[in-house]
Amino acid sequence: MIVHEAEPFNAESPTEVLAADLVTPVEAFYSRNHGPIPQITSDGWQLKVDGMVDTPATFLLHDLQDRFEHVTLTATMQCAGNRRAVLNAVREIPGEDLWGPGATSTARWTGARLRDVLAACAPQQAAGYVAFEAPDVSQLADPPQRYGGSITLDKAMSAEVLLAWGMNDRPLVAAHGAPVRVVVPGYIGARSVKWVERISVQAGPSENYFQATAYRMLPAEADPSTAGPGDGISLNAVALNCAILSPLDGCRVGAGNTRVCGYALAGDGRTVMRVDVSIDGGDTWIQADLEHTPGPWAWSLWQVDIDFSAGEAGVVARAWDSTGATHPESARHLWNPKGYANNSWARINFRVA
Ligand SMILES: Nc1nc2c(c(=O)[nH]1)N[C@H]1C(S)=C(S)[C@@H](COP(=O)(O)O)O[C@H]1N2
Ligand SMILES: [Mo]
């Protein structure tokens, strides 16, 4: 892992591990925390569902496992701060981890559908949101508070949102939310609340700091230290993005054929249809070979072999999704004070011997 912070623990996946498999090994799966990682045993855990429901309920782990259908799906998790380092090179982003392209990983998640659990509690007609609360207290929040967030009731009732207890066919580990976490495929990682212990059905979004104040797209000239609840645009569905995993920016390669590879991720429910690579800054493009993960919720890995001549070389890459959309060329035009959602073209420069 590439560790950005020891406490709270924040580490990204090494590029070579991401490139090696569609599913990321648990021990290399990126880890994003806003407070200390709680150690919660299955026996010591319960989930309370309350708010605008006709039948509030409390579930133990075996209730979830015994009463609801088990679902396994492959989904990519991506932090809104993924590729922030590129934005920081445009203009400094103080106080935030400078993530490279490895604040993204893919797992096979197993759990119960959130919608089945909610249905058992009978959400009321007027409800619009589902809020999640975890026990980890973050000193980074203002004021310090437990981690939380919310999604719309619509998304919560969609088939892909899980209360997951399994990751890559093993029980969840503490760092990734054991015994149970929310997995919201297609949304920024921040909504996939780990160690979830309370789900509240409500009329409006969560007032938690990490929903109301953080993870919002502020205007470029806003001062994040004075931004308050409701400022900026709430980030939810993840944006179409891609990254180059090999070769590494600034490295040296031998002359001749070099394999360029990376990942591409489409937003909420969309599919990556094509990845273009250019060695002339985007004047002409070559199509990469795509390897799709089964199902619509995970990334695609791509690769292309290119014959580079000796000297300075540069590669840019961009993805296209199933709506025919692609993503912006320049990080300069995406810069925002918290450094979120950098989905500019992937770009590396290296030397060919
Ligand atoms: N309880 C809790 N859940 C959390 C967080 C957290 O700090 N506490 N971080 C969120 C963020 S910002 C991301 S990107 C993902 C990361 O999940 P991972 O650490 O399993 O990769 O968890 C989300 N869920
Ligand atoms: Mo995140």
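Residues numbered from 1 in each chain as written. Chains lettered and ligands numbered in written order. Predicted model: local features only at pLDDT ≥ 70, side-chain atom pairs only at ≥ 80, totals over all residues. Heavy atoms only, no water.

Attention shifts here to the overall build of the protein chain. Check the secondary structure of the protein chain and you find 6 helices and 24 strands. Every one of the 353 residues in the protein chain was classed for burial, and the buried ones make up 54%. Of the roughly 14,600 Å² of accessible surface on the protein chain, 50% is carried by carbon and sulfur atoms. Within the protein chain, the 39 negative side-chain charges are centred at a point lying 2 Å from the centre of the 26 positive side-chain charges. (Helix = DSSP H or I, 4+ residues; strand = E, 2+ residues; numbered from the N terminus. Buried < 20%, exposed > 50% of the residue type's maximum accessible area, 1.4 Å probe, protein only. Areas by Shrake-Rupley, 256 points an atom, 1.4 Å probe, with all protein chains shown as cover. Lys, Arg positive; Asp, Glu negative; His and termini not counted. Charge placed at Lys NZ, Arg CZ, Asp CG, Glu CD.)

What follows is about the sheet that holds strand 16 (residues 241–246). Neighbouring strands of a sheet are bound in pairs by backbone hydrogen bonds; such pairs are parallel or else antiparallel. An order of 16-18-22-21 is seen for the 4 strands of this open sheet, with the pairing classed as antiparallel. What marks the edges here is a single partner per strand, and that holds for strand 16 and strand 21 (289–292). Each strand axis lies, on average, 25° off the axis of its neighbour in the sheet, ignoring direction. Pairing analysis gives 5 bridges linking strand 16 to strand 18 (residues 256–265), with the strands arranged antiparallel. Residue pairing across strands places Cys-242 opposite Ala-264, the latter belonging to strand 18. (Pairing = 2+ DSSP bridges. Axes fitted to C-alpha atoms, helices over the stretch in contact; angles between N-to-C directions.)

So, on to the environment of Pro-328. Position of Pro-328 among the secondary structure elements: in the loop between strand 23 (311–321) and strand 24 (346–352). As a C-alpha pair, Pro-328 and Asn-241 span 87 residues in sequence and 9.4 Å in three-dimensional space. Among all residues touching Pro-328, those that are not within four sequence positions of it are Leu-334, Asn-343, Ser-344 and Trp-345. (Contact = heavy atoms within 4.5 Å.)

The next thing to look at is empty space enclosed by the protein. If you walk through the whole model with that rule in mind, you get 2 cavities of 30 Å³ or more. The computed volume of the largest cavity comes to approximately 210 Å³. Arg-32, Arg-181, Gly-189, Ser-192 and Lys-194 are, among the 19 residues lining the largest cavity, the residues nearest its centre. Taken together, the residues of the lining of the largest cavity break down into 9 nonpolar, 6 polar and 4 charged. The space that makes up the second largest cavity amounts to roughly 40 Å³. If you trace the second largest cavity, you find it lined by Ala-75, Thr-76, Met-77, Gln-78, Trp-109, Val-183, Val-184, Pro-185, Gly-186, Tyr-187, Gly-189 and Ser-192. At 4 residues, the largest contribution of residues to the lining of the second largest cavity is made by strand 6 (residues 70–78). (1 Å grid on protein atoms, 1.4 Å probe; cavity = no way out; pocket = protein on both sides within 12 Å on 5 of 7 lines; lining within 4 Å. Points joined across faces, edges and corners; volume = space filled by probe spheres on them. Nonpolar A, V, L, I, M, F, W, Y, C, P; charged D, E, K, R; others polar.)

A separate point is the environment of Tyr-263. Examined against the element boundaries, Tyr-263 turns out to sit in strand 18. For Tyr-263, the contacting residues outside a window of four places in its chain are Gln-78, Asn-82, Pro-101, Thr-104, Cys-242, Ala-243, Leu-245, Trp-299, Ser-300, Leu-301 and Trp-302. Within the local environment of Tyr-263, its side chain forms a polar contact with the backbone oxygen of Pro-101, the two atoms lying 2.7 Å apart. (Polar contact = N/O pair within 3.5 Å; in protein donor to acceptor, adjacent residues only side chain to side chain.)

Let us now look at the sheet that holds strand 3 (residues 31–32). Taken together, 3 strands build an open sheet; the order of strands is 1-2-3 and the sheet is antiparallel. Each edge of the sheet is formed by a strand with only one pairing partner; in this case those strands are strand 1 (2–5) and strand 3.

Turning our attention to the nonpolar core. Core analysis: the biggest nonpolar cluster contains 70 residues, and Trp-109, Leu-114, Ile-199 and Tyr-215 have the highest contact counts within it. A per-element tally of this core places strand 10 (residues 162–167) first, with 5 residues. The contacts of Leu-114, once residues within four sequence positions are left out, are Val-130, Phe-132, Ile-151, Ala-156, Val-161, Leu-162, Leu-163 and Ile-199. By size, the runner-up hydrophobic cluster in this structure holds 23 residues, among which are Ile-244, Ala-264, Val-272 and Val-277. (Core = buried A, V, L, I, M, F, W, Y, C linked by side-chain atoms within 4.5 Å.)

A few words on the packing of aromatic side chains. A complete count under the given rule lists 9 aromatic pairs for this structure. Seen in terms of ring centroids, Phe-29 and Trp-109 are 5.6 Å apart; in terms of plane orientation they differ by 85°. Their pairing is edge-to-face. In this pair, Phe-29 sits in the loop between helix 1 (15–20) and strand 3 while Trp-109 sits in strand 7 (residues 104–113), placing the two residues 80 residues apart along the sequence. Judged by relative accessible area, Phe-29 falls into the buried class, the value being 2%. Arranged with centres 5.2 Å apart and planes meeting at 25°, the rings of Tyr-215 and Tyr-340 form a pair that is stacked. Placement of the pair is Tyr-215 in the loop between helix 6 (209–212) and strand 14 (216–217) and Tyr-340 in the loop between strand 23 and strand 24, with a sequence separation of 125 residues. Cluster of aromatic residues (ring-pair linked, three or more members): Phe-29, Tyr-30 and Trp-109. In this structure, Arg-91 packs its charged tip against the face of Trp-335, placed 4.1 Å from the ring centre. A cation sits over an aromatic face here: Arg-318 above Trp-285, 3.7 Å from the ring centre. (Phe/Tyr/Trp six-rings, centres within 6.5 Å; stacked < 30°, edge-to-face > 60°. Lys NZ or Arg CZ within 6 Å of the ring centre and 35° of its normal.)

Here we take up the side chain of Thr-293. Within the element layout of this structure, Thr-293 appears in the loop between strand 21 and strand 22 (300–308). The exposure class assigned to Thr-293 is buried, which follows from its relative accessible area of 7%. Dropping the residues within four chain positions of it, Thr-293 is found in contact with Leu-22, Thr-74, Ala-298 and Trp-299.

Remember that the coordinates give geometry; whether it matters functionally is a separate question.
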